[in-house]
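What the coordinates show
Residues per chain, in single letters:
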Amino acid sequence: MNINNLVRENIKSLSPYSSARDEFKEASSDTIFMDANENPFDSGLNRYPDPKQSLVKKALSELKGMPSSQILLGNGSDEVLDLIFRVFCEPKQDAVITLPPTYGMYKVLANTNDVATVEVPLSESFQPNVNEILRAQDERTKLLLLCSPNNPTANSFEVVKVEKLIREFKGIVVIDEAYIDFSDQESWIGRLAEFPNLIVTQTLSKAYGLAGIRLGICYASLEIISILDKVKPPYNVNQLTQDVALSALKNQEKTNLEIQRIISERNKMINNLSLVKVIEKSYPSDANFLLVKVDDADKRYQELLEKGIVVRNRTKQIMCSNCLRLTIGSEQENNRLIKVLNELK
Ligand SMILES: *Cc1c(COP(=O)(O)O)cnc(C)c1O
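Residues numbered from 1 in each chain as written. Predicted model: local features only at pLDDT ≥ 70, side-chain atom pairs only at ≥ 80, totals over all residues. Heavy atoms only, no water.

Moving on, we get to the domain arrangement of the protein chain. Under the domain assignment used here, the protein chain contains domain 1 (8-250) and domain 2 (253-343). Taken together, the 25 residues of domain 1 in the interface contact 19 residues of domain 2. Buried surface at the junction of domain 1 and domain 2, summed over both partners, amounts to about 1700 Å²; 64% is from carbon and sulfur atoms. Per-residue buried area on domain 1 facing domain 2 is highest for Pro152, Ala154 and Phe182; these three make up 37% of the total on that side. In this assembly, domain 1 and domain 2 are joined by 0 salt bridges. Our count for the domain 1 to domain 2 interface comes out at 5 residue pairs in polar contact (both at pLDDT 80 or more). For the side of domain 1 that touches domain 2, the class distribution of residues is 12 nonpolar, 9 polar and 4 charged. (Domains from an automatic or database assignment. Contact = heavy atoms within 4.5 Å. Buried area = accessible area lost by both parts, 1.4 Å probe. Salt bridge = Lys/Arg side-chain N within 4 Å of Asp/Glu carboxyl O. Polar contact = N/O pair within 3.5 Å; in protein donor to acceptor, adjacent residues only side chain to side chain. Nonpolar A, V, L, I, M, F, W, Y, C, P; charged D, E, K, R; others polar.)

So this is what it looks like as structure tokens:
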């Protein structure tokens, strides 16, 4: 597969902005920087951040066993996904395939980039309908967006199905692994070398507890990363974010412990929810949230709100009628939710 053929014409011929910090990074201790119009008074933040985020990438590289050259960082996965749209999808002409019910941002990004969305709903068991997806592809469908574990259904997609899709889809396959750390499934980053058309995105927003710093991660072939790098704004990941991300990645033990606690709370929640009268079903979860079917989602959503508990009402999404999405909270928060749910008439 020739990846370059999938790239928009204007991007192929683009020469990226070369920032001051890009051109002169190898400085000796007596180098003075008078090139970027920065303020000379040291505040710890008076210099532009490293546009390549080398230290964060090095830490990720050691953690994941991927070379830094196959990593791109963004202001949340949302920026990373937007970059992918902008590189591969010609506005008013190209399309992407999404598998609803899924993450709402894919549609928003398609709309803001003026790219059409072809929707191929998941099966009854929330798995990709592989043959239908492959039938839906044409020369316009540049991206196939897979979310595994999927938001809001919480399940992972079967490996054989994803594998067939990557092999037979003629465009770029993006696997959004925002919730991978809560799952027993292997990340697809381990198989990037096999698939030149695969992009995997991850984030520090969920398992790492750092939604506030906005750090999204993209893993792909050197070729794809080089093209995305040309388009990304030079200083898209600020210094504060790089500093906090680096220290979190160096303290993986804390993250692992929190993941274990969230998973154990998730299992406890599933048991407790099975005894709640208004809950008809809770779906299996590979994520830090549960999709539950209730007797009347609009009514129960409102009642929870009145008791000071905000959950996500997904009843309007295809195949999610009367479903609520519940984030796993702290033990205390989960107990309060169960108590309130048990009191509903
Ligand atoms: C929460 C979430 C993200 C995270 O997005 P960020 O911009 O990195 O915070 C990405 N994808 C899915 C499916 C999510 O649910």
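The discussion continues.
Position of tyrosine 208 among the secondary structure elements: in the loop between strand E6 (198-203) and strand E7 (216-219). A relative accessible area of 7% places tyrosine 208 in the buried class. (Helix = DSSP H or I, 4+ residues; strand = E, 2+ residues; numbered from the N terminus. Buried < 20%, exposed > 50% of the residue type's maximum accessible area, 1.4 Å probe, protein only.)

Here we come to the packing of aromatic side chains. With the rule as written, the count across this model stands at 4 aromatic pairs. Centre to centre, the rings of tyrosine 48 and tyrosine 235 are 4.4 Å apart; their planes meet at 20°, and the pair counts as stacked. Here tyrosine 48 is found in the loop between helix H2 (20-23) and helix H3 (54-64), whereas its partner tyrosine 235 is found in the loop between helix H8 (222-231) and helix H9 (239-249), with 187 residues between them in sequence. For tyrosine 48, a relative accessible area of 40% puts it in the partly exposed group. Measuring from ring centre to ring centre gives 5.4 Å for tyrosine 103 and tyrosine 106, while their planes differ by 85°; the resulting arrangement is edge-to-face. The residue whose ring lies beneath arginine 325 is phenylalanine 289, and the NZ or CZ to ring-centre distance is 5.7 Å. (Phe/Tyr/Trp six-rings, centres within 6.5 Å; stacked < 30°, edge-to-face > 60°. Lys NZ or Arg CZ within 6 Å of the ring centre and 35° of its normal.)

Where charged atoms from two side chains of opposite charge come close, those side chains can pair. Under the defined criterion, the tally for this structure stands at 21 salt bridges. A salt bridge links aspartate 82 to arginine 86, with the nearest nitrogen and oxygen atoms 3.4 Å apart. Taken as a pair, aspartate 82 and arginine 86 lie in helix H4 (residues 76-88) at a separation of 4 residues, close to a single helical turn. When its relative accessible area of 18% is taken as the criterion, aspartate 82 is described as buried. For lysine 142, the salt bridge is made with aspartate 94, and the minimal N-O distance between the two is 2.9 Å. You can see lysine 142 sitting in strand E4 (residues 141-147) and its partner aspartate 94 sitting in the loop between H4 and strand E2 (95-98), a full 48 residues away along the chain. Aspartate 94 carries the same exposure label as lysine 142, and that label is buried.

As a further point, take the sheet that holds strand E9 (residues 289-294). Strands in a sheet are paired, the pairing made by backbone hydrogen bonds, and the direction either parallel or antiparallel. Reading across the sheet, the 4 strands line up as E8-E9-E11-E10 and stay open at both edges, with antiparallel pairing between neighbours. Of all strands in the sheet, those bounded by a partner on one side alone are strand E8 (279-282) and strand E10 (312-313). Examined bridge by bridge, E9 and strand E11 (residues 323-327) share 5 bridges and lie antiparallel to one another. Paired with lysine 293 across the two strands is cysteine 323, which belongs to E11. In the packing of helix H11 (residues 297-306) onto the sheet, the strands contacted are E9, E10 and E11, and the crossing angle to E11 comes to about 35°. (Pairing = 2+ DSSP bridges. Axes fitted to C-alpha atoms, helices over the stretch in contact; angles between N-to-C directions.)

Looking now at the UniProt feature "modified residue: N6-(pyridoxal phosphate)lysine" (unreviewed entry) in the protein chain. When the UniProt feature table is mapped onto this chain, "modified residue: N6-(pyridoxal phosphate)lysine" (unreviewed entry) is found at Lys206. Following the sequence through the fold, lysine 206 ends up in the loop between E6 and E7. Its relative accessible area of 29% is what places lysine 206 among the partly exposed residues. Setting aside its immediate chain neighbours within four residues, lysine 206 contacts Ala178, Tyr179, Phe182 and Asn288. (UniProt positions renumbered as here; feature names shortened; annotations may be inferred.)

Among the 13 residues in the neighbourhood of the ligand, the closest are listed as Ser77, Tyr179, Ser205, Lys206 and Arg214. Separating an oxygen atom of the ligand from a side-chain N or O atom of threonine 203 is a distance of 2.7 Å. For the ligand, whose accessible area on its own is 380 Å², the fraction buried by protein is 93%. Top contributing element to the shell around the ligand by residue count: H4, with 3 residues. The residue makeup of the shell around the ligand, split by class, is 4 nonpolar, 5 polar and 4 charged. (Near = heavy atom within 4 Å. Areas by Shrake-Rupley, 256 points an atom, 1.4 Å probe, with all protein chains shown as cover.)

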